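Architecture at a glance
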Amino acid sequence: MRSIRQRILIVSAGFGGLAAASIVLAPLVGSTTIDLARALDRSVPFSENTDAQILFIARLPRTLAGAMVGGALASAGVVFQGLLRNPLATPFTLGVSAGAALGAMLAITFGWTFGWLGIPAIPAASFAGSISAVTIVYGLARARHGGLSTNVLLLAGVTLNAFFSALILFVQFLADFTDLYRMLRWLVGDLDVASYQPLATALPLLLVSLAVFAWLARPLNLLSLGPDAAHTHGIDVRQAQRAAFFSASLATGAAVSIAGPIGFVGIVVPHLVRLLVGADHRVVLPASVLFGAAFLVCCDVVGRTLIAPVEIPVGVITAIIGGPFFLWLLLRRG
Amino acid sequence: MIKNRAAAIAGAAILASAIAAQQPPRIISIIPAVTEMLFAIGAGPHVVAVGTFDDYPPEVRSLERVGALLDPDLERILALKPDLVTVYASQTDLRQQLERAGIPTFEYEHAGLADVMATIRTLGARVGRVEQAEGLAAAIDRDLDAIGKKVAGRRRPRTLLVIGREALAIRGIYASGGVGFLHDMLSVAGGENIFADVKRQSVQATAELIIARRPEVIVELRAGDIPAAQQKKEIAAWGRLTSVPAVASARVYFLTDPRTVVPGPRIAEGTGLIARTLHPEAFK
Amino acid sequence: MCALLRAVDVHFSYGTSPVLRDVSIEVPDGGFAGILGPNGSGKTTLLKVLSGTVTPRAGTLTMDGRDIRRMPRAALARRMAVVPQETHLAFDYSVLEVVLMGRYPHLGTFQIEGPNDIAIARRALAATGTSLLEHRQFATLSGGEKQRVVIASALAQVTGDNGTAGSYLLLDEPTAALDLAYQIEIAALLRDLQQRIPITILVSTHDLNFAAGVCTSLVLLSEGRVLATGPTDVVLTRSNILDLYGVEADVRRHDDAGRLVVVPIARAARGAPG
């Protein structure tokens, strides 16, 4: 058997190569043909170089956003699945995206235009919404004596999702027609950030989450035995659960504030990765980050080239892949 | 636009009989463009209720509101005992319910600029104001022609007509496609729609598309009051796309006048506003 | 090393209903002790208290005289491993991965298992007769095989530089979920382990014959209180069984089996003490 260290290195190199290739190649593809030589030609002033502007203002930030959001959602999915001991959990199961959605809906309906620390209104409101949701879910889960039971957590998350969904429907009802359409597009996800600023803002949050994920890898293995068994294996179960809950929520909240709630990444990628590399979280986590990045970047390329110049939202592409994927899983088990 | 000629004739007959019976016909209009048309052709006194977003002429502000596209208040509409109700073509449920109640409907759908005049004429026939409608439609046609003449022969700048986007960000941009009254207005106003090839009324424009199509002018149509300071910030949000000619030459404009987005009697004025923005020299 | 696991005057309640009252037990080094009692007597709770999984309202718990509750978690885990009644994995781990999880308490935060850890894991698999299962997926094993693998993992967990000397293996109702054949298999395995390697085993069970067959000393637990404690042949008597289970039973030495067997005869007449 290859040692864990070897497996981690091989998997990281493999998926890392895939991610790197996607990030390098994706900006070269698009609905418009660009002249790469001209785009990279320094002698042409940037403000006149259309090819360069398409490459560096439209496509590159979009590709990087896809990589960051894909990596974040995939790894957050792994961590939530480990926390809830359920491979069907998603980053959105515990209400993070419902909170983000409510924040964004409110910002759109009431036409908020303030920026917050230089962040435009909708991402700021969506991040604030996800923080509120996480706080409420945690508070509800802790209200029951005995710490963070995963059943109670799940129930709290489902409750919050239901409640916030009702509020979202209400806000949508109050909105006028154009706002409504904008909301619907936000809900399906959009990677066209056209700026490095949201990426730079979200990057520290994602790095913190990834650092905690690295620390959580072994505890997540133990948590899959059940909380009592994990405890007798010598870990502080409550601390590990809290760390998992907050770090995965942070990664999800940051990802959703960049690009909206893109579905299926957080469940398809972990499943595929586990099929390929096994269940050990020390291998699954780095593989998911890298494969998630590559996956979403590629889905976005498909979405923006298939019926150009009309764009298929990336959330639709991930859903089109996700649906049959689960059908296949179901039939396979049966 | 009338979909069913039989219904039109029946409706006109009912209205005619109502007029003949010395009961003034009661009209409810939840479509801002159609409401304006009704008032402009002299049927204003017959309008007993309007939609949530109706704002012109000022008389409508004192009228009762019965909802709009998404939330028409059927009970209230029925309680007002109208003789005609204007509905959007997509409001099939509402239309069926009104039909069952024996209330005639006038169906409307956003379309091209020429359809505005056609709708005015059809509406005029429907409410027994044929002459006034004809006069109004002809006047609008004349005004549009005049605008066209003013800008004729001038170079038509490539124009991006934005109808909505996220605040302070170049995201979620909705622009007029190559079909519809906004596109037609732009043409009359002497502009070349960069999305003329997209056969849809609206296009979600990505940064890449905008950079690639290099508009020389960007016109943002917004309804509602936006303070000047806010407008400046919004215009500055385009600043990142420096290779776009419109940004480089500072030809990014905000128009918050509702006349540019309501396809009604004042559409020629709205077109004129756009034309002045594109070709200021032609209007000195 | 003279290890002694001792609980004194332990009280525990879930909410307001007391589950354990004034429970004091001593598990001597190298012994094979059993906590015997009917369902609801508090056996599982007592194990959870002893392993530090739950905190009692009152009472002291010491291992070698050290307060268990003050021991760092990993340090305690290196000395004491718990085999639960059933193990359900949320994800599809292999047998070796499951056994290696027993080595985690021995690793630093980001340390990865080394050759020594893998050797210990393999020895543990051999000790439980499951070497051939090393590369199988845990979920595909039979009930008995799973239990043996989990026992192997527990052994690997408490194997230190001195082997397993001074370590404790706690098993919660190890045979409750198993078929008869596997029950006998596990019983034989535990007896064998206890004789071959220096380790102290503590099981909780309601199965009288299992207790009779493997445990050298017993703690009889009835409704959260200790009814009797001592060597098996002293404590496992008709009268104690009647008190504990309300059942008339015959206890005798069986020549073929080589140990005590308990034959339940009849339910005690109502009104009889118990």
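Coordinates for the structure precede this section.
Quick notes on the rules
- Residues numbered from 1 in each chain as written.
- Chains lettered and ligands numbered in written order.
- Predicted model: local features only at pLDDT ≥ 70, side-chain atom pairs only at ≥ 80, totals over all residues.
- Helix = DSSP H or I, 4+ residues; strand = E, 2+ residues; numbered from the N terminus.
- Rg over C-alpha atoms; globule rule 2.2 N^0.38 Å.
- Contact = placed C-beta atoms within 7 Å.
- Axes fitted to C-alpha atoms, helices over the stretch in contact; angles between N-to-C directions.
- Parallel < 35°, antiparallel > 145°, perpendicular 65-115°, else oblique.
- Expected span 1.5 Å × (residues − 1).
- Nonpolar A, V, L, I, M, F, W, Y, C, P; charged D, E, K, R; others polar.
- Core = buried A, V, L, I, M, F, W, Y, C linked by C-beta atoms within 7 Å.
- Buried ≥ 20, exposed ≤ 12 C-beta atoms within 10 Å, placed from the backbone.
- Domains from an automatic or database assignment.
- Pairing = 2+ DSSP bridges.
- Arc of directions from axis to C-beta.

What follows deals with the overall build of chain C. Helix and strand content of chain C: 9 helices and 12 strands. Computed over C-alpha atoms, the radius of gyration of chain C comes to 19 Å, within 12% of the 19 Å expected from 2.2 N^0.38 for 274 residues, which places it in the range of a compact globule. For chain C, the spread of C-alpha atoms along the three principal axes comes to 60 × 45 × 35 Å. For chain C, restricting intrachain contacts to residue pairs at least 6 apart in sequence, the fraction spanning at least 24 positions comes to 64%.

What follows concerns the packing of helix α1 (residues 4-25) of chain A against helix α12 (residues 281-305) of chain A. All names here are of chain A. The N-to-C vectors of α1 and α12 enclose an angle of 10°; their axes lie 8 Å apart at closest approach. Comparing their axes, α12 and α1 come out roughly parallel. In contact with Ile4, Arg7, Ile8, Val11, Ser12, Phe15, Gly16, Leu18, Ala19, Ser22 and Ile23 of α1, α12 contributes Arg282, Val283, Pro286, Ala287, Leu290, Phe291, Ala293, Ala294, Val297 and Cys298.

Looking now at helix α6 (residues 150-174) of chain A. Here α6(A) is 25 residues long and its end C-alpha atoms lie 36 Å apart, about the 36 Å a rise of 1.5 Å per residue gives. Summarising the contacts, the buried residues of α6(A) are in contact with α4 (96-109) and α5 (121-143) of chain A.

This part covers the interface of chain A and chain B. Contact with chain A, which involves 31 residues of that partner, is made by 24 residues of chain B. Ranked by residues supplied to the side of chain A that touches chain B, first place goes to helix α3 (residues 50-84) of chain A with 6 residues. Along the lines of polarity and charge, the residues of the side of chain A that touches chain B split into 12 nonpolar, 12 polar and 7 charged.

Between chain C and chain A, the residue contacts involve 25 residues of the former and 24 residues of the latter. For the side of chain C that touches chain A, the class distribution of residues is 15 nonpolar, 6 polar and 4 charged.

A general trend in soluble globular proteins is that nonpolar side chains are found buried together. Ranked by size, the top nonpolar core spans 270 residues in total, and within it Val69(A), Val79(A), Val99(C), Leu169(C) and Leu170(C) carry the most contacts. Here this core spans two domains, and each of domain 1 (5-109) and domain 2 (155-283) of chain B adds at least three residues to it. Apart from the residues lying within four places of it in its own chain, the contact partners of Val79(A) are Phe213(A), Leu216(A), Leu220(A), Ala244(A), Ser247(A) and Ala248(A).

Residue and element names in this part refer to chain A. Residue placement: serine 130 occurs in helix α5. Each C-alpha atom of the pair serine 130 and proline 270 lies 22 Å from the other, and the pair is 140 residues apart in sequence. Excluding residues that lie within four positions of it along the chain, serine 130 makes contacts with Val96, Gly99, Ala100, Gly253 and Val256.

A few words on the sheet that holds strand β7 (residues 168-172) of chain C. All names here are of chain C. If you trace the 6 strands from one edge of the open sheet to the other, you get β6-β7-β8-β3-β9-β10, paired in mixed fashion. Edge positions in the sheet fall to β6 (80-83) and β10 (225-231), since each of these pairs with one other strand and no more. If you compare each strand with its neighbour and ignore which way they point, the axes differ by 15° on average. As paired strands, β6 and β7 are joined by 4 bridges and run parallel to one another.

Residue and element names in this part refer to chain C. By the element assignment, methionine 63 lies in strand β4 (residues 58-63). Taking the C-beta count within 10 Å as the criterion, methionine 63 has 20 such neighbours and is therefore assigned buried. Spatially, the C-alpha atoms of methionine 63 and leucine 50 are 9.6 Å apart, while their sequence positions differ by 13 residues.

The next subject is helix α4 (residues 115-127) of chain C. All names here are of chain C. An ideal rise of 1.5 Å per residue puts 18 Å on 13 residues; α4 measures up with 18 Å between its terminal C-alpha atoms. Those residues of α4 not exposed but buried are Asp117, Ile120, Ala121, Ala124, Leu125 and Ala127. Taken around the axis of α4, the buried residues stretch over an arc of 160°, which confines them to a single face. In α4, those exposed residues whose orientation departs by more than 90 degrees from the buried face are Pro115, Asn116 and Ala119. One or two residues past the end of α4 sits glycine 129, with phi positive at roughly 65°.

This next bit is on unusual backbone geometry. The omega torsion of the bond from Tyr56(B) to Pro57(B) falls at -5°, within 30 degrees of zero and hence cis. Position of Pro57(B) relative to the elements: it lies in the loop between β2 (47-50) and β3 (64-65). Notably, Asp64(C) is not glycine yet its phi reads approximately 55°, a positive angle. Structurally, Asp64(C) can be placed in the loop between β4 and β5 (66-67).

On to the sheet that holds β2(B). Residue and element names in this part refer to chain B. Spatially, the 5 strands line up as an open sheet ordered β3-β2-β1-β4-β5, and their pairing is parallel. Each edge of the open sheet is held by one strand with a lone partner, namely β3 and β5 (105-108). With 4 bridges connecting them, strand β4 (residues 84-88) and β5 associate as parallel partners. By the bridge assignment, threonine 86 is partnered in β5 with phenylalanine 106.

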